[in-house]
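Residue-level structural notes
Single-letter residue listing:
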Amino acid sequence: TGCKSARYCSINCQRDAWPNHKFACKTRAAKLQDEILFRRPESTHLGDCPMCLLPLEVEHTKSIMMTCCSKMICDGCDYANELRDVECPLCCQPVPTDEELDLNVMKRAEAGDPVAIRQMGSKHSERGDYEAALKNFTRAAKLGDVEAHSHLVALYQGGEGVEKDEKKEIYHLEQAAIGGNALARHNLGCEEGSKGSERAIIHLIIAASHGLDESIEMLKGWYADGHINKEIYDKARNLYQLAVDVRKSPQREAAKLAKQNLGDEQKQRDAILFKQPSSCHVGDCSICLLPLPLDVTRYEMIACCGKPVCGGCLYASVMRDGEVRDGEVALDSKCPSCEQRFPQSQADRDLYRMRRAEANDAAAILEIGTGCFMKEDYSSAFDYWTKAAKLGDIEAHYNLSSLYYEGKGVEKDESKFVYHCEEAAIGGHPLARRNLGAHEKDNQNTERANKHFTIAASLGDDESLKLLEESCESGKVKKDDFAAVVRAHKAAVDATKSPQREFASVALQQLEHDKLLFKRPECSHLEDCPICLLPMDLDNEKNGMLACCSKLLCDGCMMAKKISEEERSDTDGKCPFCRQPCPKNEVEMKKNIKKRVDANDPFAIREKGLRCYEKGDHVTALELWAKAANLGDIDAHFRLGKAYSLGEGVEKDVNKQTYYYEIAAIGGHPSARFNLGAHDFNSGNIDRGVKHIMISASHGHDLSIQTIKQIYPLGYVTKEEFAAALRAHKAAVDATKSIQREASAEAQRNKTWPYVFHPDKGSHISHPRNF
């Protein structure tokens, strides 16, 4: 029985005696449990330091776990070990890396080590996987790990991974207290004290006898309030002092003093680290003297002198002394900062950079290191960036922190990552500051993390502001403090703005857009015939679409295929691509196209839209073309542009018309390109219009070459441009010619081509319609 004072011959005998024995049994069982619970352990659950053999401090901050062997040693022995700079004195193994540590913990957990199992549970708990944490903590507790009971108390108390259960919470508190956990004993005393039980005094005295400060302070308060007498308090104080004295040693005192000195150094370091920088690390534009934006695409380091120039001042220099050549800025004047001639080529820029690097220009050395990094020469990048960092370059510190974090060119080193991040952050680098905040957040240092995010956001960093907003929503940052950060962020961003920069930003975006728009595609949107590999003819009547798989073939190859089938008496007429039987009539062809539409084939969707358009259902046609355009069909973009131009199914919209025409033109659609050119020409943008028409003519577009012939006598096209357009047009047309295609055209003219569909013979060819 539970009281261990009675024995029964059988279960029936025990059942008969239970009503009379019940009260005595429960009373004695509780007494036995109290004897176990209130028996003072010889030591805490932490035990003694395995090196100096003195009891370990109750406070976890005064002990350290060796990551190599998971042994707990006191601060004194750890400090002495650091002074000797040797490997672990217990297992004689070097300190493992993070990856090795995780592997070691997993191996020990698989071997049934309760400490390792508890460590696995702690990792699961940090990730929010409380069910796995509960499983590991329970297993570790069963194997005798006292600390695991404390973790289970937290889970049952907070209802994380399990339902809240006060009985199980108290049970695990008692098991931890019996095992010598002074803090669990203290919590039991607080729990009993809230009920007004005198048992609380016993718990607190035992906890104080292990040297727990919180327990002796609570007893001191109770004594002052008259809840306990002087004899009890003196007894507790003597036991507490004895526990404190037995834990003292010269080594531990030396370690404490070293920590205090380190703490003073850390305070001084923090005073520097958390000081608000006067400006961002990129500084001011060397011409307009306004703060540079954080976006590196909005300013440039001039290669000749390494001075930063904002986009506004650079664009002003272009408008004053330069020009746009083939969509790129060309400067022929002197640099406004150093009065040297602007470098005109990459070779010139590299030469200027090397000269500056030889003169120990930190910015030039940084740029050379960046070039090595882009080539994946991380060792050379590390060498250059280290030199630049020693010369005071802030960006170099930030780049070095990235190398140490990712382990590129060097071994991963968290301490060096933090060091270089801090150096960059002190110099006003917002991204380094944000990385420091993220690092502190990962280490549960929320207050320090928010300090870093605040400084980074006040320098104009958008991501840091978002992180602070999340902290504000969760209640970790006050709303008033966040509002102040928002104002500081806006002020930092506004300080980088100017009318000149805003105008330059729009102009440069247009410049990049024109560079893409006026780049001549290698081929038209129809590309090449997949059989003869010759460019497709722009006249859709000379091409055919296979209804089974939506492949586009030239008429020459289709005729050759049909002749080959007739010579071989092949009545199935299988597709040479998908190897499926070709449709024999209009019904089968429509059925196949529907399958292709259901499979999101953009070509088939566009063709279905065209059929709807021919029937006058413009709204459905536009919906289908929009879907085909989203799937990447170039011709669908052209048809949408034409619809917005004519106002069919939608209201006329010049902006949308231009938008769809430009996408189609970039994709190689000559008709879309010609329409763009005509629109620009009629709007007074003669140069842009001529460029478009010249490009479309070079793809063999007949209407474009006719237009060029008309505007040439008017002086809009030079003689050289006219001759080049004629040659390019002829070359494009000639490239589409072949013996098979000529034979097919002759057969169609004589109406002898066997591919024209009629109900009794059937055909699997569908000719795409011209708009």
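Right above here is the structure, for reference.
All of these numbers come straight from a predicted model, not from anything done at the bench. Every chain begins its residue count from 1, and numbering advances along the sequence as written. Residues qualify for local features only when their pLDDT is at least 70, as the model is predicted, and side-chain atom pairs are given and counted only at 80 or more; totals for whole chains, interfaces and linings, by contrast, use all residues. Remark: hydrogens and water are excluded; side-chain values derive from all non-hydrogen atoms of the structure.

1. Here we look at the overall build of the protein chain
- Helix and strand counts for the protein chain stand at 34 helices and nine strands.
- Only protein chains enter the accessibility calculation, which uses a 1.4 Å probe; a residue is then buried when its area is under 20% of its type maximum, exposed when over 50%, and partly exposed in between. The buried share among the 771 residues of the protein chain stands at 41%.
- Looking at the protein chain alone, contacts between residues at least 24 apart form 53% of all its contacts between residues at least 6 apart. Only DSSP runs of H or I reaching four residues or more are called helices, and only runs of E reaching two or more are called strands; each is numbered from the N terminus. It only takes one pair of heavy atoms within 4.5 Å for two residues to be counted as in contact.

2. Brief notes about the packing of helix 15 (residues 362–374) against helix 16 (residues 378–390)
- Fitting a line to C-alpha atoms yields each axis, with helices limited to the stretch in contact; the angle taken between N-to-C directions then spans 0 to 180 degrees. Closest axis-to-axis distance for the helix 15/helix 16 pair is 8 Å, and the angle between their directions is 165°. As judged from the angle between their axes, helix 15 and helix 16 are roughly antiparallel. In the packing of helix 15 onto helix 16, the handedness of the crossing is left-handed. Across from Ala362, Ile365, Leu366, Ile368, Gly369, Thr370, Cys372 and Phe373 in helix 15, the residues of helix 16 making contact are Tyr378, Ser380, Ala381, Tyr384, Trp385, Lys387 and Ala388.
- Asp, Glu, Lys and Arg are counted as charged, while Ala, Val, Leu, Ile, Met, Phe, Trp, Tyr, Cys and Pro are counted as nonpolar; the rest, among them Gly, fall into the polar class. Of the residues in the contact of helix 15 with helix 16, the class split is 11 nonpolar, three polar and one charged. Any angle between 65 and 115 degrees counts as roughly perpendicular, while under 35 counts as roughly parallel, over 145 as roughly antiparallel, and the rest as oblique. In a left-handed crossing the near helix is turned counterclockwise from the far helix by less than a right angle, and in a right-handed crossing that turn is clockwise.

3. Examining helix 31 (residues 686–697)
- Here the expected span of a helix is defined as 1.5 Å times the quantity of residues minus one. Spanning 12 residues, helix 31 covers 16 Å between terminal C-alpha atoms, matching the ideal 16 Å at 1.5 Å per step.
- Among the residues of helix 31, Gly689, Val690, His692, Ile693, Met694, Ile695, Ser696 and Ala697 are the ones counted as buried.
- Check the buried side of helix 31 and you find it contacts helix 23 (499–517), helix 30 (670–682), helix 32 (702–711) and helix 33 (719–735).

4. Observations regarding the pairing of strand 7 (residues 543–546)
- What you see with strand 7 is no split at all: Asn543 and Met545 on one side and Gly544 and Leu546 on the other are buried throughout.
- Note that strand 7 and strand 8 (residues 552–554) share three bridges and pair antiparallel. What sits directly across from Asn543, in strand 8, is Cys554.
- Here strand 7 hands over to strand 8 after five residues, with Ser550 in that stretch at a positive phi of 65°. Strand pairing is defined by DSSP finding a minimum of two bridges between the two strands.

5. Section: the pattern of salt bridges
- Think of a salt bridge as a Lys or Arg side-chain nitrogen and an Asp or Glu carboxyl oxygen that are within 4 Å of each other. Taken as a whole and judged by the stated rule, the model has 26 salt bridges.
- Salt-bridge contacts for Arg237 lead to Asp234; the nearest nitrogen and oxygen are separated by 3.3 Å. Of the two residues, Arg237 and Asp234 both sit in helix 11 (residues 230–246), three residues apart, roughly one turn of that helix.
- Note that Lys730 is salt-bridged to Asp734, the shortest N-O span being 2.8 Å. Separated by four residues within a single helix, Lys730 and Asp734 lie in helix 33, roughly one turn from each other.
- A residue is classified by how much of its surface remains accessible, and Lys730, at 53% relative accessible area, is exposed.
- Three or more residues are tied together by salt bridges with common partners; here these are Arg606, Glu607, Asp633, Asp635 and Arg639.

6. Considerations on the environment of Trp385
- Tracing the backbone shows Trp385 in helix 16.
- Filtering out sequence-adjacent residues up to four positions away, Trp385 remains in contact with Leu366, Gly369, Thr370, Phe373, Ala396, Asn399, Leu400 and Leu403.
- We call two N or O atoms a polar contact when they sit within 3.5 Å, provided that within protein one can donate a hydrogen and the other can accept it, with sequence-adjacent residues counted only if both atoms are side-chain atoms. A polar atom in the side chain of Trp385 sits 3.2 Å from the backbone oxygen of Leu366.

7. Things to note about helix 21 (residues 462–473)
- A rise of 1.5 Å per residue sets the reference length of helix 21, with its 12 residues, at 16 Å; its end C-alpha atoms lie 17 Å apart and thus fit the reference within 8%.
- Those residues of helix 21 that sit buried are Ser464, Leu465, Leu468, Ser471 and Cys472. Buried residues along helix 21 cover an arc of 115° about the axis, so they all sit on one side.
- On the buried face of helix 21, the contacting elements are helix 19 (430–442), helix 20 (446–458) and helix 22 (479–495).
- In the segment just after helix 21, Gly475 is the residue with positive phi, at about 85°. Directions pointing from the helix axis toward each C-beta atom define the arc.

8. Looking at the side chain of Arg741
- Among the secondary structure elements, Arg741 is positioned in helix 34 (residues 739–749).
- His is not counted here, nor are the chain ends, while Lys and Arg score as positive and Asp and Glu score as negative. Put simply, Arg741 is tucked away with no salt bridge, and the nearest opposite charge, on Asp537, sits 5.8 Å away.
- Each residue touching Arg741, except ones within four places of it in the same chain, is listed here: Cys529, Cys532, Leu534, Pro535, Met536, Asp537, Cys554, Gly556 and Thr736.

9. Thoughts on the nonpolar core
- Counting 34 residues, the largest nonpolar core has Leu546 and Ile593 as the members making the most contacts within it.
- Of all elements in the fold, only strand 7, strand 8, helix 24 (555–567), helix 25 (586–598), helix 26 (602–614), helix 27 (618–630) and helix 28 (634–646) reach the threshold of two or more residues within this core.
- In terms of residue count, helix 27 provides more of this core than any other element does, six residues in total.
- Ranked by size, the runner-up nonpolar core spans 25 residues in total, among them Ala364, Cys372, Cys421 and Leu436. Only buried residues count toward a nonpolar core. Its members are Ala, Val, Leu, Ile, Met, Phe, Trp, Tyr and Cys residues joined through side-chain atoms within 4.5 Å.

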